[in-house]
Amino acid sequence: MIEARGLSKRYGDKVAVDDLSFTVRPGLVTGFLGPNGAGKSTTLRMIVGLDQPTSGTATVCGRPYRELARPLCTAGALLEAKAVHSGRTAREHLRGLAASNRLPKRRVDEVLEQVGLTATARRRVGGFSLGMGQRLGIAAALLGDPEVIILDEPVNGLDPEGIQWVREFMRGMADEGRTVLVSSHLMSEMQDTADHLIVIGRGRLAADSSMADFLARSSHNGVVVRSPHTARLVPVLRGDGATVDALVDRDRAGEQDRAEDPPLIVKGLDARRIGELAGQNGLWLHELAPQRVSLQEAFMELTADAVEYRVGQRRTAEHIGGAA
Amino acid sequence: MNTVRTQYARPEPLVDSPAPPRGDGGPSPRFADAVAFEWIKARSIRSTWWTLAAAACITIGIGVLGGDKALPADDTANVLGKILIGLSLGQVAVCLFGVLTATSEYGTGSIRSTFTAVPDRMRLLAAKALVVFTVSLVAGTAIVFATFAAGTLALNPGVEVPSLSDGAVLRALVGGGCYLALLGVFSLALGLVLRASAGGITAAVSITFILPTVFQMLGQDGETLRKWWPTEAGQQILKVTPSSTDLAPVPGLGYFAVATVLALACAMVLTNRRDA
Ligand SMILES: Nc1ncnc2c1ncn2[C@@H]1O[C@H](COP(=O)(O)OP(=O)(O)O)[C@@H](O)[C@H]1O
Ligand SMILES: [Mg+2]
């Protein structure tokens, strides 16, 4: 369990973290999300006692991190990839950390095995790939078999295989009842992994909710409809209270060019009602697909007024006046 | 901005289940564990070994040349002075060792994993200082005695051979090891305050080597400065015959020890308060 209460951090005039309060529960993977510069890393550093909060408190398992008797057994943190002296071997790095917390030497071999670094344990860290560096960081976090696991952007720069491995790792840790807090600036990394989300923008809390609620609340939900009778279908749907837009989606751009029946995104009616309306009016449907909103869109929407700079933000739907 | 807050809806069953027992509750780590940590770190980076090897090569090498330069007219003090002349340069490598022990951790970011493993920074830095002191003491004493042995062998026939049974000679050699041990810790403190290798090394070389040379060009004021300059005062311990203008050997080394403790205390307090 991690608790932040009124956590704030100022660097000179710059407010990096602004009055954050949240609780991270055991048994769940909690995604800590926000655009770059939102204050995620700063918050995590305050949680593990590296940075002093300007105001507010953070506790891990009920105590400020710096007061933990045996910190590696309570919380393990991966804060930066390859934050290890490049001349040291993986084993030496872990041996030192284990000694510092009175952990038996066998834990070093166990965690090396767990992250799949046994074969490279005697090589200097300087020659490690980013992925191996991340694994070493995770091995260090696991040394004390901790209750709480904190990972700052753990999949940054990893190949798909590495990303999958980290995901399964986090899932497994949460399933064992541990508290897992993982930060990312990319929603897509969280979509299939996190059970709970804490979203921040410009250092402020933007959302603290379960993944399901987060998705449900997004206004981007809709149904993708494709019909050869678009011109007649749109007024029917609008007549029943729907909002109808042309679906402009990068993934489907190719289809769109050649399609005589451009896909529509319908909001305000569910798929069943749309199907019924089409049937009653003798209109064909070639596609009727409730859209699962992408987390990225929900995220952009939520942090839109919190993001420091928005570069080339893509609109997913554009209004089509007159429809066909 | 709307803040969306909901209860923890999914997956419910695990939320309130008691956490399984973990490795906590075992023996609490102590100061000795922090020392073990620092020792493992110190010995597993190459800079520890090359800086100390450089200190040995420079000091012993110049000691051989110096011994060869000693004249039959020289007294014990002069002969020993010529043998140990290389320490003024070799000590710079010991400085590098002390500085790099701190700055390499900041440079690589590993200071963060160090501080998360041992959040009691006072304990950690005391352990670090003890390791640097001990390593510098052992290496420094070995270097000083090896230089003495090599320099003595290089003496030309007719030159008086300094003897270890001469109390003043022994004091100079044992004291020389102690001086290097303190110098390592002094440099560690510099590294902790400056955190960057480049800055730390520049400061250490300036303090031990460049500034004392500059002082010699400043006449009377320079002499006073040099007398109270911590590293210069500490080096009085190397003298067999105390000079009348400088601090006496043992008080000089004591003065440097006090300066080192103060520097370390400042570095520890500062590091404890700063963000890592
Ligand atoms: N040590 C520091 N000194 C000054 N500003 C900082 C420092 N660390 C972070 N910041 C600033 O605080 C803000 C939040 O940074 P950070 O926590 O790294 O964000 P994130 O991890 O979400 O990308 C950024 O604007 C960053 O420039
Ligand atoms: Mg970050």
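Overview of the structure. (Residues numbered from 1 in each chain as written. Chains lettered and ligands numbered in written order. Predicted model: local features only at pLDDT ≥ 70, side-chain atom pairs only at ≥ 80, totals over all residues. Heavy atoms only, no water.)

Below, the discussion takes up the site of ligand 1. All names here are of chain A. Residues in contact with ligand 1, as listed here, are Y11, K14, A16, P35, N36, G37, A38, G39, K40, S41, T42 and R45. T42 has a polar side-chain atom sitting 2.5 Å from an oxygen atom of ligand 1. Protein contact buries 63% of the 560 Å² of open area that ligand 1 shows by itself. Within the residue set of the shell around ligand 1, elements represented by two or more residues are β2 (14-24) and α1 (40-47). With four residues, the single largest contributor to the shell around ligand 1 is α1. Here the shell around ligand 1 is composed, by residue class, of four nonpolar, five polar and three charged. (Near = heavy atom within 4 Å. Polar contact = N/O pair within 3.5 Å; in protein donor to acceptor, adjacent residues only side chain to side chain. Areas by Shrake-Rupley, 256 points an atom, 1.4 Å probe, with all protein chains shown as cover. Helix = DSSP H or I, 4+ residues; strand = E, 2+ residues; numbered from the N terminus. Nonpolar A, V, L, I, M, F, W, Y, C, P; charged D, E, K, R; others polar.)

With that settled, the discussion passes to the sheet that holds strand β4 (residues 55-60) of chain A. Pairing between the strands of a sheet is mediated by backbone hydrogen bonds and can be parallel or antiparallel. Residues and elements named next belong to chain A. Here we have three strands laid out as an open sheet, ordered β2-β1-β4, and antiparallel in their pairing. Looking at which strands have only one partner, the edges of the open sheet turn out to be β2 and β4. Each neighbouring strand pair of the sheet contributes to a mean axis angle of 20 degrees, computed without reference to strand direction. Where α1 meets the sheet, it contacts β1 (2-11), β2 and β4, and its direction lies at approximately 120 degrees from that of β1. (Pairing = 2+ DSSP bridges. Axes fitted to C-alpha atoms, helices over the stretch in contact; angles between N-to-C directions. Contact = heavy atoms within 4.5 Å.)

The interface of chain B with chain A comprises 49 residues on the first partner and 66 residues on the second. Across the interface of chain B and chain A, roughly 5,100 Å² is buried in total on both sides, 52% from carbon and sulfur atoms. Inspection of the chain B/chain A interface yields three salt bridges. Residue D33 of chain B pairs with R102 of chain A through a salt bridge whose shortest N-O separation is 2.7 Å. At the junction of chain B and chain A, the tally comes to 14 residue pairs in polar contact (both at pLDDT 80 or more). At the level of secondary structure, the elements contributing two or more residues to the side of chain B that touches chain A comprise β1 (4-5), α1 (12-15), α2 (31-43), α5 (87-108) and α6 (110-117) of chain B. A class-by-class count of the residues in the side of chain B that touches chain A yields 20 nonpolar, 15 polar and 14 charged. (Buried area = accessible area lost by both parts, 1.4 Å probe. Salt bridge = Lys/Arg side-chain N within 4 Å of Asp/Glu carboxyl O.)

Residue and element names in this part refer to chain A. Extensive coverage of strand β9 (residues 204-210) is indicated by the burial of six of its seven residues. In terms of strand pairing, strand β8 (residues 196-201) meets β9 through six bridges, oriented antiparallel. Its bridge partner being in β9, G201 is matched across the sheet by R204. Linking β8 to β9, which pair antiparallel, is a turn of two residues; within it R202 sits at a positive phi near 50 degrees. (Buried < 20%, exposed > 50% of the residue type's maximum accessible area, 1.4 Å probe, protein only.)

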